[in-house]
Structures are given as structure tokens and as C-alpha cells.
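# Fold and geometry: a report
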Amino acid sequence: MATPTFIDRVHLYAQAGNGGNGCTSVHREKFKPLGGPDGGNGGQGGSIILVVDPSTSTLLDLQRRPHLNAPKGEPGKGGNRAGADGEDLVLSVPDGTVVVDRHGEELADLTGAGTTFVLAAGGRGGLGNAALASKRRKAPGFALLGEEGEFLELDLELKTVADAALVGFPSAGKSSLIAALSAAKPKIADYPFTTLVPHLGVVDADDTKFTIADVPGLIPGASQGKGLGLEFLRHIERCSVIVHVVDCANEEPGRDPIADLAAMETELAEYGGFADRPRIVALNKVDVPEAADIAEMVRPEIEARGWPVFEISAATHEGLRPLKFALAQVIAAAPRAISGAPRVVLRPKPVDQSEFTVKLGPDGYVVTGSRPERWVAQTDFGNDEAVGYLADRLARLGVEEELLKLGATAGCTVIIGPKDNAVAFDWEPTIPAGEDKEASPRGTDRRMG
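Here the residue numbering is sequential within each chain, running from 1 through the sequence in written order. Only residues with pLDDT of 70 or above have their local features reported here, since the model is predicted, and side-chain atom pairs are shown and tallied only from 80 upward, although totals for entire chains, interfaces and linings are computed over all residues. The basis for every side-chain value is the complete set of heavy atoms in the structure, and neither hydrogens nor water enter the calculation.

Let us now look at the overall build of the protein chain. A tally of helices and strands in the protein chain yields 10 helices and 19 strands. The buried label applies to any residue whose accessible area, calculated with a 1.4 Å probe on protein chains only, is under 20% of its type's maximum; exposed applies above 50%, and partly exposed to all values in between. Going through the 449 residues of the protein chain one by one, you find that 48% of them count as buried. A contact between two residues is defined here by any heavy atoms of the two lying within 4.5 Å. Contacts in the protein chain between residues far apart in sequence, at least 24 positions, make up 72% of those at least 6 positions apart. The helix and strand labels rest on DSSP assignments: H or I over at least four residues marks a helix, E over at least two residues marks a strand, and numbering proceeds from the N terminus.

Only centres within 6.5 Å qualify two rings of Phe, Tyr or Trp (six-membered ring in Trp) as a pair; their planes then separate them into stacked at under 30 degrees, edge-to-face at over 60, and tilted for everything else. Going through the model one piece at a time under the given rule, you end up with three aromatic pairs. With centroids separated by 5.8 Å and ring planes inclined at 20°, the aromatic side chains of Y271 and F274 adopt a geometry described as stacked. By relative accessible area, Y271 is classed as partly exposed at 26%. Over the ring of F169 we find R255; its NZ or CZ atom is 4.2 Å from the centre of that ring. Geometrically, a charge over a ring is one whose NZ (Lys) or CZ (Arg) sits within 6 Å of the ring centre while staying within 35 degrees of the ring normal.

Moving on, we come to the packing of helix α8 (residues 370-378) against helix α9 (residues 384-397). Taken N-terminus to C-terminus, the directions of α8 and α9 make an angle of 175°; their axes are 10 Å apart at the nearest point. By the angle between their axes, α8 is roughly antiparallel relative to α9. Together, R371, P372, W375, V376 and Q378 of α8 and L390, R393, L394 and L397 of α9 make up the contact between the two elements. Side-chain classes follow a simple rule in which Ala, Val, Leu, Ile, Met, Phe, Trp, Tyr, Cys and Pro form the nonpolar group, Asp, Glu, Lys and Arg form the charged group, and the remainder, Gly included, forms the polar group. Tallied by class, the residues present in the contact of α8 with α9 amount to six nonpolar, one polar and two charged. Axis geometry follows a simple rule: fit a line to the C-alpha atoms, using only the stretch in contact for helices, then measure angles between N-to-C directions, giving values from 0 to 180 degrees. The scheme is simple: roughly parallel for angles under 35 degrees, roughly antiparallel for over 145, roughly perpendicular for 65 to 115, oblique for anything else.

To continue, consider the packing of helix α5 (residues 257-271) against helix α6 (residues 289-303). Working note: a packed helix pair is described by the angle between its axes plus the distance between those axes. Relative to each other, α5 and α6 sit at 45°, their axes nearing to 10 Å. As summarised for this structure, α5 and α6 are arranged oblique, according to the angle between their axes. Contacts from P257, I258 and L261 in α5 reach I294, V298, E301 and I302 in α6. Partitioned by chemical class, the residues of the contact of α5 with α6 number six nonpolar, no polar and one charged.

Turning our eyes to something else, we now look at the sheet that holds strand β11 (residues 208-214). Pairing between strands is defined by DSSP: at least two bridges between the two strands are required. Pairing in this open sheet of six strands is mixed, and the strands run β10-β11-β9-β12-β13-β14 from one edge to the other. Here the strands that pair on one side only, and so sit at the sheet edges, are β10 (199-205) and β14 (309-311). Going from strand to strand, the sheet's axes swing by 25° on average, the running direction of each strand aside. As paired strands, strand β12 (residues 241-247) and strand β13 (residues 279-284) are joined by six bridges and run parallel to one another. In the strand pairing of β13, V243 is matched with I280. Contacts between helix α3 (residues 174-181) and the sheet are confined to β9 (164-167), β10, β11 and β12, with β11 contributing the most and set at about 160° to the helix. Relative to the sheet, α5 contacts β9, β12 and β13, its axis offset from that of β12 by approximately 145°.

Attention now moves to a negative patch on the surface. A contiguous patch of negative charge, built from E251, E290, D293 and E296, is present on the exposed surface. Its place among the elements puts D293 in helix α6. Exposure remark for D293: the relative accessible area of 52% places this residue in the exposed category. Residues qualify for a patch when their relative accessible area is over 30% and they have no salt bridge, like charges being joined within 9 Å and the nonpolar side chains of Val, Leu, Ile, Met, Phe, Trp and Tyr within 5 Å. Exposure was quantified through the Shrake-Rupley algorithm and a 1.4 Å probe, taking into account, for residues, occlusion by the shown protein chains and nothing else. Put simply, a salt bridge is a Lys or Arg side-chain nitrogen that is within 4 Å of an Asp or Glu carboxyl oxygen. Only four residue types enter the tally: Lys and Arg on the positive side, Asp and Glu on the negative side; His and the chain ends are excluded. The atom standing in for a charge is NZ when the residue is Lys, CZ when it is Arg, CG when it is Asp and CD when it is Glu.

The next subject is the sheet that holds strand β17 (residues 364-368). Note: strands within a sheet are paired through backbone hydrogen bonds, in either parallel or antiparallel orientation. Within the open sheet, the four strands sit side by side as β16-β17-β18-β19. Their pairing is mixed. Of all the strands in the sheet, the pair left with one neighbour each is β16 (357-361) and β19 (423-426). Neighbour to neighbour, the strand axes of the sheet diverge by 25° on average, direction disregarded. Looking at chain direction, β16 and β17 are connected through five bridges and run antiparallel. The partner of V358 across the bridge, within β17, is V367. Strand contacts of α8: β17, β18 (413-416) and β19, with the helix running at about 95° to β18, the strand carrying the most contacts.

Here we come to the pairing of β18. Where β17 meets β18, three bridges bridge the pair, whose relative direction is parallel. Counted as the bridge partner of V366 is I415 from β18. Where β18 and β19 come together, four bridges link them in antiparallel fashion. Across the sheet, residue I415 finds its bridge partner in β19, namely A424. Joining the antiparallel neighbours β18 and β19 is a turn of six residues, in which G417 adopts a positive phi near 110°.

This brings us to the nonpolar core. Residues I236, L261, V281, L283 and I302 are the most contacted members of the largest nonpolar core, which totals 27 residues. At the level of elements, β9, β12, α5, β13 and α6 are the ones that each hand at least two residues to this core. By residue number, the principal contributor to this core is α5, which donates five residues. When near neighbours in sequence (up to four residues on either side) are disregarded, I236 contacts A165, V167, V215, L268, F274 and R277. Only buried residues count toward a nonpolar core, which is a set of Ala, Val, Leu, Ile, Met, Phe, Trp, Tyr and Cys residues joined through side-chain atoms within 4.5 Å.

Here we come to the side chain of T115. Along the chain, T115 falls in the loop between β6 (106-110) and β7 (116-120). Owing to a relative accessible area of 8%, T115 belongs among the buried residues under this scheme. Among the polar contacts made by the side chain of T115, one reaches the main-chain carbonyl oxygen of G112 at a distance of 2.8 Å. A 3.5 Å cut-off defines polar contacts: any pair of N or O atoms within that distance qualifies, except that in protein one atom must be a possible hydrogen donor and the other a possible acceptor, and neighbouring residues in sequence count only when both atoms are side-chain atoms.

Along any regular strand, the residues point their side chains to alternate faces of the sheet. Most of β13 is tucked away, with six of its six residues classed as buried. Across the two faces of β13 the burial is the same, with R279, V281 and L283 and I280, A282 and N284 all buried. The definition of a right-handed crossover adopted here requires that, viewed with the strands pointing away, the path from the first strand over the helix to the second runs clockwise. Crossover handedness for the path β12 to α5 to β13: right-handed. Both β13 and β14 contribute to a ladder of three bridges, which runs parallel.

Now the structure itself:
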């Protein structure tokens, strides 16, 4: 079975690159055996970035490789040489791609050529010992580890970007109409669901150009997923006008133009979000004499709703010019529901002046916060001097003071970080901190003894 070429929804696992570790090195040359620290910083991990590319119309490439991995940053080197940054993984996506996280929250709505979004950020590289040198630590015997790159599990959904959407039952003539109005060449036949993917066409109306979408046929129950269901309705969310294409030559039992209109409106109402969108009704196939009679008969009832009505034939092009200019006029007066400007949903973190919190839990005192958690991840716990440096940072931030306020005592357990990636300590409140302490030999810390 052939793989479909149009894909409008994919599930991805995005792993950005880890940052490179910093380097611990001391400059050595003849007559200068200890010339000072010269370990370079680790490189930045590669990020995963989405870019809107007008030449891309499907998410097929991403469906074929849902596990995305950006390169890691290189570790730093001696001689103050920084590690190389990991190369960003840049992926092309169609205009109208929406990024949704695994909880259903919208992260970005990408519209407009060139719009970019960082899907997963690469980890920062660790500082080398040259960058960590201070008055007290003239030659640090440690460096910081690189941070892990971001990992996200998410969905990409494609919502067609068009000014007008052709809505109608299967075989109502939508494909023929878009082919007649534009240069689009959709598949055309007289059986249900000829259109399985959206087609876009550009229509010229003198000095006005607009895009029109021919999307899969609508049937009763589509809003609950019947037939092509939501695969259809998602693609008309962005349009500024809905064109009901009604088959006046249909002879199926229980089908007539008024009943078809009512069924389509019911599905749009069930799905929601289209109540404010203007409607235009195109009574199609009037080149058939019986269909022309039916169109003339139902026209007054439809116009009574306040909807403009056009009797057309996509086959013979009858009535298409008035329809085209009416569409241009409505589109000019009713901007697209989603403009062409890029939309990114920003999720600001709550303002926390202390930058950390300390709470007493069942297993001990739990410290959370972006800075303490990041510092723990950067620490090489096999190096006592690195652990002492972490203790200094936490004390300067105020963590030790907060622990004392909450009644923490020597030997109690202190946990830093979220439950699935935490580090536990036996806390010793008498450990001093600051830059005025007696220096320890490189790679050690007197407080860790």
C-alpha cells in the first residue's frame, strides 16, 4: 500500500543537544609549570527549530522520522579553547502549523513565510576552570558540566491558511469550482470523497488576489469524527468567508439544497468557532435544466437568511465572474480569522523574587527552583571542590538561611530538584560559605572531609 503524501498531524519526540562539559586544565610551559587555569567552556547544545517554508505543504517528512535529536556541544579544551556548539536542527513546516504539547496546550501557531519557533532548546555548555577562577580559587581543580538539552513530546497539526473555504457534501462540485476559479488542479470525479486532502488555489479578481481552499467533503456527523470528520473541519478554521457549494442536480433520497445547507450548518455549529464568519451560497450545476429550476426555486428562501446566493456551473463557468468579485469584496471587508502574522503563545514563569522554594516533605526538605536545580545539574559530585562550590552558591542564594528558618538540623535530608531527577544531601549547617575561607588543595574542599 502506497504511503500517503499528505499528512496534517504528527506526534514528535524532540531531544535537543546537551551542552558540552567545561574543561579543567592548567597552563604549563617551560619554566612555568603552573601558569594558571586555562580550561575552556563547553559548547552550546544544538536546538531543534521549526521554520515556515511556503514550498512545504505537508508534515510527511516529520512523520517519517518522529524522533528528533540535535547534536551535542563539544567539551571545552585546554589553552582556553571553547568546545564547538552543536549544530541546530532546522526543520521546514507548512504555513499554518500549530504546535501542541502532550497536555493539549498550544505552544505556537506558525503562519507567515520564515516564521521560526524553537521547539526544544539546546543545553548550555559548562564553564571551564579558567572562567571559574577567583581570588580564593586561583586555579580551580574542577569545571562545570554541560546542561541537558530540552526534551519535549508534542504534536504538530496543520491548519490550512486560506481566505475562503469551499464547504459542501462530497461531489458537490468543490474541486471543479476551485479548478475553474484558479490554476489549482485537484482530482475530480463523481464518487464520494474524491478530495482527500486540502487544495489551495489563488484567484485573481482584477487588482485583488485571494486564496481559496477546496477541502474534503462534509457529511452529517463530521463534527464527531464521522467520515473525514475533524480532518476536514480543522482546515477551515482560518478562513474569513465560508462558501457553501450546493449540488442542485443531486437526486439522492432526502437530499435537497435546503436540507444540505441545514446539515452543513449543523456540523459547523457543533464544531464551533464559525458563527461570526460570513457565508456565500453557490448553487452549482445549473447547466442541468432541472438543477436550474431547483436553484431558482430555493434562492428566495436562502436569501431570506441574509446570505448572498449565486447560481453557477463549475463545468461551463456560468456565474463564476460575479461569484469571484463578491468573494473579493467580502474578504476585503472581513480579515482572515488568523492573520498572516506569526503567533507564538508565551508562557511566562511566575515571578518568584527568591528564585527558589524550600518545603518540608515526607522524605526531607525539598528545594526547588530553576537556579538551584540548574546548579546541581552542572556539578561533578565526584569532585569535592565542585561540591564545595555548589555549597557556596546555594548559601549565597539564601538556601541555608531558609533551611534554618524552617527548623532544619544537622544530618537532616535535603533534596534538590524534581522527584524524578533529584539529588539528596545530608545537610551540615555549620559548613561556612563565601570567598574569605582558607583555600583547599585543587580538586578538594576542607568542608567535604
